[in-house]
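# Geometric and topological summary
Here is what each chain is made of, one letter per residue.
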Amino acid sequence: MSALDRKLFRDLGRLWAQGLAIALVAAAGVITLLIGIGTLRSLSETQQAYYERYRFADVFATATRIPGPVVDRVAGLAGVAVAEGRIQKRIILDIEGMAEPANGLVLSIPDLGEPRLNALHLLEGRLPEPGRAGEVVVSGTFAAAQRLRPGATLSAIMDGDRRELLVTGIALSPEFVYSVAPGEFLPDDRRFGVIWMPYTAAAASFAMQGDFNALSVQLARGAEARAVIAALDELLRPYGGAGAYGRDQQTSHAFLASELSQLEAMNFVLPPIFLGVAAFLVNMTLGRLVTLEREQIGLFKAIGYGSATIAWHYVKLALLIAAVGVVIGWGLGAWLGRLLAGVYAEFYKFPFLLFDERPDVFAISGLAALLAAALGCVQAVLSTVRLPPAVAMSPPVPPVYTRSLFDRYARVGRLPKALTMAIRNLVRRPLRAALTALGIVLATALLVGGMFAEDSVDFLIDATYFRAERQDASLVLARAVGPGGLEATRRLPGVLAAEPARAVPVVFRHGLRSKRAALVGKPAHTDLSRVLDARLDAVVLPEHGLLLTETMAGLLGVRPGDAVSIELMDGSGRVLTETVSEVVQQFIGLGAYMEIGALNRLLGEASLADMVSLMVDDAQWPALFAAIKATPVITGVTLEQRAVQKFRDYIGENIGASRLVLVLMASLIVFGVVYNAMRIQLSERARELASLRVLGFTIAEVSMILLSELALLIVLSIPLGWVVGYGLSWLVVNGGFESELFRIPLVINRSTYAMAGVAVLAAATFSAYFVQRRIAGLDMIAVLKTRD
C-alpha cells in the first residue's frame, strides 16, 4: 500500500462523520433512483406479462343488442385478430349481514372452456360447469372483502328477479387490475364485485339468448386501433352501438397507466435533488481538506509526486465516500423497491409480480452517485493541480478585508456582537453561504412538494363531495324513465329530495380533435348534484348551450362561443351541433353538461332520466336499502359518504407513508448540509474560537457565534424554500398528476409550510447539537499551537 493510500484511509477515519453524512445523502439519491426506476420497470413488465398471458383485449365496444352472427363479421374486419362477444350487465347484490346493497357487474364467459380474451386467473375453486344453473366465479377483491370462499352463496337482483348464485371459483382478470365500479373513482371492494357466469345462464337471466351487448377485440399485429374502432362503430350502429374505444380508455388500464406516468415523472425530480446535494457536500468537504493540507500537497510535489497522482488521491477519497453511499443505497433501495412494488401489486391486483433486479438499474444508480461525487470534487482537484510546491508549503495569503456597508450599519444599529460577527462572516464568504442556503432551500422545497398532496386532496374532496355532489346517494337506472319513474324514486322510504339526470354516450368533435364521453343533462337549478364554475360557485344551466369542464375544453381546444359537433352513439348516427356557453370546474373525470330539458329536446325525446340524486333521512337508511333491493329498475347505487371515506382511507394509507419518507429524506439533506458546513467552519475558525475561550468566553457564548450563522441561514432559507416548494408542487401537479381521469388542484395550506419549516428546524437543531459538542471539546492548547 502506497503512502498516499495510507493517508487516504487515515483521512477517511478522521472525516468519518462528515463522510457518513455525505454518503447518506448519496444513498438517498441511489434509493430514489432504484425505487423509481425499479418500481416503474416492475409494474410495467408485470402489466405487460399479465396482459399477454391472459389475452387482455385491445378494443372494447358496447351496444343495445348484438346478434351472434355480427360477432363473426367483426372477426372478419381488417386488423382484427380475435373478436369475442359477451353479455355485460350491472346488477344489485344483496349480501348477508350487509344492509346496504352492493354493486355487481355480470360478465358472461363461454359455457365450455375459458374466454378467448380477458382470461381469468383462478385463485381458488373452478369455473362453472355446463348445465349447473347459478354457478358463478367472483372477483378476488370482492371475495376477500366479503370473506367469500368456493361454496358460498350470493343473492342477486338480475333484471328484476332475485337469484341465488353459488360461488364455484375466485379469480382475477387483467380487465380489473384496478377494480372500480362504473362511474366511481376509487375501488370499494366491499361494495363492488365482478360476477362471471356461463353465457347460457346470463342470456336466460337477461333475455339475451343468441345475442350479446358487448364485444372485446384483439388487434392483429401492426393494426391501428383507430381504424378498427371506426369500422366497429359503423358496423354496430344499427344495433345501438355506444361507441368503441381503445385500451387507453378502459378504466382499469387508464388508472394504471396514469400511475406509471406519475412514477416516471417523479424519477426526474427526486434523484437529481439528492445527488446534486451530495455533489455540493463533496465540494465543501474536499475544498476545505485541500486548504488544510496545502503544506502536505506541496511536500508531496516537492518529493516527486505528480499533480495527477495527488489529484487522483482526492478523487479516490470522494469516490470512496460515494461508494459507501452506493452500497447503503443498493441495500435499502432493493428492499424498499420490493416493498413498494409489492404494495402496488396488492393495490392493483396482479396475480404475480416481476420485480426488476437487472444489474443495469443498480449500475445506473451507482454510476450516478459516483459521477455526482466526481463532479463535486472537480474544484478541489483543480486547486491541487494548480498549486506550485513552493506556494503550497507556505501559509495561504490572508484575505484582505475592508469595512463594508454592513459594518457601518451594524455600528449604527448596535447589533449584538455575536450576530455582527455571524453576518460579517456570511457577507465575506457569499458563495459558501449561498451553497449552504441552497441545500436548506432544496430540503424545504422537497418537504413542501411532498406534503402538499394532502392539502390538495382535501380541497378536491370538499369541492367534489361537499360543493358539487352534495347528495347522500345516487341511483343508476336500467333504462331511461319518465316523470312517473322519477316520482316513484321520490316515494322511496326516507327520500327527502330527488333530482333527475340523464347521461348520453356521445363523441365530441372540434376541428381535428375528438373525444368520447357522456353528455349529462341536469335540471337548470340543482341543489344536490351541481355544476361549479372556476370560483366553485353553483352554475345555473342555461336553456341553450353546452357546458364543458376545463379538461374537456382543453382536449377539444374550445372556448366559450365555439361550436362543437356532437355525434350520438345510440345507433342513430345523428350528428348535432351545440355552442359552448361556459367552461366549468371539475377535478374528477371529463364532464359535459346541458340542461336536462334542452338535452331531451336535442334528442327529440320526452322528459326522460336514467340517474337520480337523493337526499335521505339518516333514520331511514335501512328501509331505503331494502326498497332499492326490491326495485328492479335500479341497477347501481353510489353512497357519497362511503366514497368520501374511501378517499380519506386512501390518503391515510398512501400519502401518509409518502410524507414520512420525504420528511426523513429531507431531514437527511438538512443534516448533511448543516453538519458539514458547521464542521468546516469549526475547523477554519478553531483558533479564533479557542482564543475567545482563553479570553473568558463561555462555551455557550462561543457556540452562539458559530451557530448564529446557521440560524441566520435557516431563517433566510426557509421562506425561499417555501417559494421553490410551491414551484416544485406546480411541476408535480402539471407534469405527474394531471390526466383525463382526475386533476389534483394546487392547494398548499399554511400549516404545510409551517410543518416543512419545523421539520427543517428540527433537523438543523439535531446537527447543531453535534457541532456544539465539538466546540465544547476543543483542545485550546493544541489549537493555539497551530502555526500560521
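In this report, we go over the structure that sits alongside the text. Bear in mind that the values here come from a model prediction, so they are computed numbers and not experimental data. (Residues numbered from 1 in each chain as written. Predicted model: local features only at pLDDT ≥ 70, side-chain atom pairs only at ≥ 80, totals over all residues. Heavy atoms only, no water.)

## Examining the overall build of the protein chain
Along the backbone of the protein chain there are 25 helices and 20 strands. Taken along the three principal axes of its C-alpha coordinates, the protein chain extends 100 × 60 × 55 Å. A total of 788 residues make up the protein chain; the buried ones form 53% of that total. Taking all contacts inside the protein chain whose residues are at least 6 apart in sequence as the whole, residues at least 24 apart take part in 81%. Of the roughly 34,400 Å² of accessible surface on the protein chain, 60% is carried by carbon and sulfur atoms. The distance from the centre of the 73 positive side-chain charges to the centre of the 70 negative ones in the protein chain is 12 Å. (Helix = DSSP H or I, 4+ residues; strand = E, 2+ residues; numbered from the N terminus. Buried < 20%, exposed > 50% of the residue type's maximum accessible area, 1.4 Å probe, protein only. Contact = heavy atoms within 4.5 Å. Areas by Shrake-Rupley, 256 points an atom, 1.4 Å probe, with all protein chains shown as cover. Lys, Arg positive; Asp, Glu negative; His and termini not counted. Charge placed at Lys NZ, Arg CZ, Asp CG, Glu CD.)

## A short note on the sheet that holds strand S1 (residues 59-67)
The strand order S2-S10-S1-S11 describes an open sheet built from 4 strands, whose pairing is antiparallel. The open sheet terminates on both sides in strands that have one partner only, identified here as strand S2 (80-86) and strand S11 (245-246). Relative to strand S10 (residues 211-219), S1 runs antiparallel, the two sharing 6 bridges. The residue bridging proline 67 from the neighbouring strand is aspartate 211, located in S10. (Pairing = 2+ DSSP bridges.)

## Here's the deal with the packing of aromatic side chains
The full count for this structure, using the stated rule, is 14 aromatic pairs. When the ring of tyrosine 50 is compared with that of phenylalanine 350, the centres are 6.0 Å apart and the planes differ by 70°; the resulting orientation is edge-to-face. Of the two residues, tyrosine 50 is situated in helix H2 (residues 16-53) and phenylalanine 350 in the loop between helix H10 (307-347) and helix H11 (359-376); the sequence distance between them amounts to 300 residues. With respect to burial, tyrosine 50 and phenylalanine 350 carry one shared label: buried. Here phenylalanine 60 and tyrosine 245 contribute two aromatic rings whose centre-to-centre distance is 5.8 Å and whose plane-to-plane angle is 20°, an arrangement assigned as stacked. Within this pair, whereas phenylalanine 60 is found in strand S1, its partner tyrosine 245 is found in strand S11, the two being separated by 185 residues in sequence. Both residues of the pair, phenylalanine 60 and tyrosine 245, belong to the buried class. By way of ring pairs, the aromatic residues Tyr50, Tyr54, Phe350 and Phe352 are connected into one cluster. (Phe/Tyr/Trp six-rings, centres within 6.5 Å; stacked < 30°, edge-to-face > 60°.)

## Let's talk about the pattern of salt bridges
Taken as a whole and assessed by the stated rule, the structure comprises 27 salt bridges. In this structure, arginine 126 engages glutamate 129 in a salt bridge whose closest nitrogen and oxygen atoms are separated by 4.0 Å. Assessed through its relative accessible area of 31%, glutamate 129 is described here as partly exposed. The salt bridge partner of arginine 237 is glutamate 567, with a shortest N-O separation of 3.1 Å. With arginine 237 in the loop between helix H6 (225-236) and S11 and glutamate 567 in strand S16 (residues 563-568), this residue pair connects regions lying 330 residues apart in the sequence. (Salt bridge = Lys/Arg side-chain N within 4 Å of Asp/Glu carboxyl O.)

## Quick notes on the packing of helix H3 (residues 68-75) against H6
If you want to describe how two helices pack, look at the angle between their axes and the distance between the axes. Running from N to C, H3 and H6 point in directions that differ by 155°, and their axes come no closer than 11 Å. Taken together, H3 and H6 sit at an angle that is classed as roughly antiparallel. As H3 packs across H6, the resulting crossing turns out to be right-handed. Residue-level inspection shows Val70, Arg73 and Val74 of H3 in contact with H6, the latter providing Leu232, Leu235 and Leu236. Here the contact of H3 with H6 is composed, by residue class, of 5 nonpolar, no polar and 1 charged. (Axes fitted to C-alpha atoms, helices over the stretch in contact; angles between N-to-C directions. Parallel < 35°, antiparallel > 145°, perpendicular 65-115°, else oblique. Left-handed = near helix turned anticlockwise from the far one by under 90°. Nonpolar A, V, L, I, M, F, W, Y, C, P; charged D, E, K, R; others polar.)

## Description of unusual backbone geometry
A positive phi is found at asparagine 118, a non-glycine position, where the angle reads about 55°. The phi torsion at alanine 207 lies on the positive side, around 55°, for a residue other than glycine. Position of alanine 207 relative to the elements: it lies in the loop between helix H5 (199-206) and S10.

## What to know about the packing of helix H1 (residues 3-14) against H10
Close contact between H1 and H10 brings their axes to 10 Å; oriented N to C, the two are set at 40°. At the point where H1 passes H10, the crossing takes the right-handed sense. Between H1 and H10, the residues in contact are Leu4, Asp5, Lys7, Leu8, Asp11 and Leu12 and Thr309, His313, Tyr314, Lys316, Leu317, Leu320 and Ile321, respectively. Residues that form the contact of H1 with H10 fall into these classes: 7 nonpolar, 2 polar and 4 charged.

## Description of the pairing of S10
Within S10, 8 of the 9 residues are buried, which leaves the element mostly enclosed by the surrounding structure. The sheet contact formed by S2 and S10 spans 6 bridges and is antiparallel. Paired with alanine 83 across the two strands is valine 217, which belongs to S10.

## Quick look at the side chain of serine 529
Relative to the helices and strands, serine 529 is located in the loop between strand S14 (513-522) and strand S15 (546-549). According to the relative accessible area criterion, serine 529 is buried, its value standing at 8%. A polar atom in the side chain of serine 529 sits 2.7 Å from the side chain of lysine 522. Setting aside residues up to four positions removed in sequence, serine 529 forms contacts with Ala468, Glu469, Gln471, Glu499, Lys522 and Ser613. (Polar contact = N/O pair within 3.5 Å; in protein donor to acceptor, adjacent residues only side chain to side chain.)

## Considerations on the nonpolar core
Core analysis: the largest hydrophobic core is formed by 52 residues, its most contacted members being Ile669 and Met678. Taken together, the elements giving at least two residues each to this core come down to H2, helix H8 (270-292), helix H16 (430-468), helix H21 (640-684), helix H22 (686-694), helix H23 (699-735) and helix H24 (750-776). For this core, the leading source of residues is H21, giving 11 residues. When neighbours within four sequence positions are excluded, isoleucine 669 is seen to be in contact with Val25, Ile273, Phe274, Val277, Gly439, Ala443 and Leu446. Counting 44 residues, the second largest nonpolar core, distinct from the first, contains Ala63, Val138, Leu165 and Ile170. (Core = buried A, V, L, I, M, F, W, Y, C linked by side-chain atoms within 4.5 Å.)

## Section: a nonpolar patch on the surface
A surface patch of nonpolar side chains, amounting to about 400 Å² of accessible area, comprises Leu332, Trp335, Leu339 and Val343. Among the secondary structure elements, leucine 332 is positioned in helix H10. Exposure remark for leucine 332: the relative accessible area of 41% places this residue in the partly exposed category. (Patch = residues over 30% accessible without salt bridge, like charges linked within 9 Å, V, L, I, M, F, W, Y side chains within 5 Å.)

## Things to note about H10
The terminal C-alpha atoms of H10, which comprises 41 residues, lie 57 Å apart, in line with the 60 Å expected from a rise of 1.5 Å per residue. Immediately downstream of H10, the backbone of lysine 349 shows phi near 60°, a positive value. (Expected span 1.5 Å × (residues − 1).)

## Focus: the environment of leucine 120
Position of leucine 120 relative to the elements: it lies in the loop between strand S4 (102-109) and strand S5 (121-125). Considering only alpha carbons, one finds leucine 120 and phenylalanine 697, 577 residues apart in sequence, at a separation of 78 Å.

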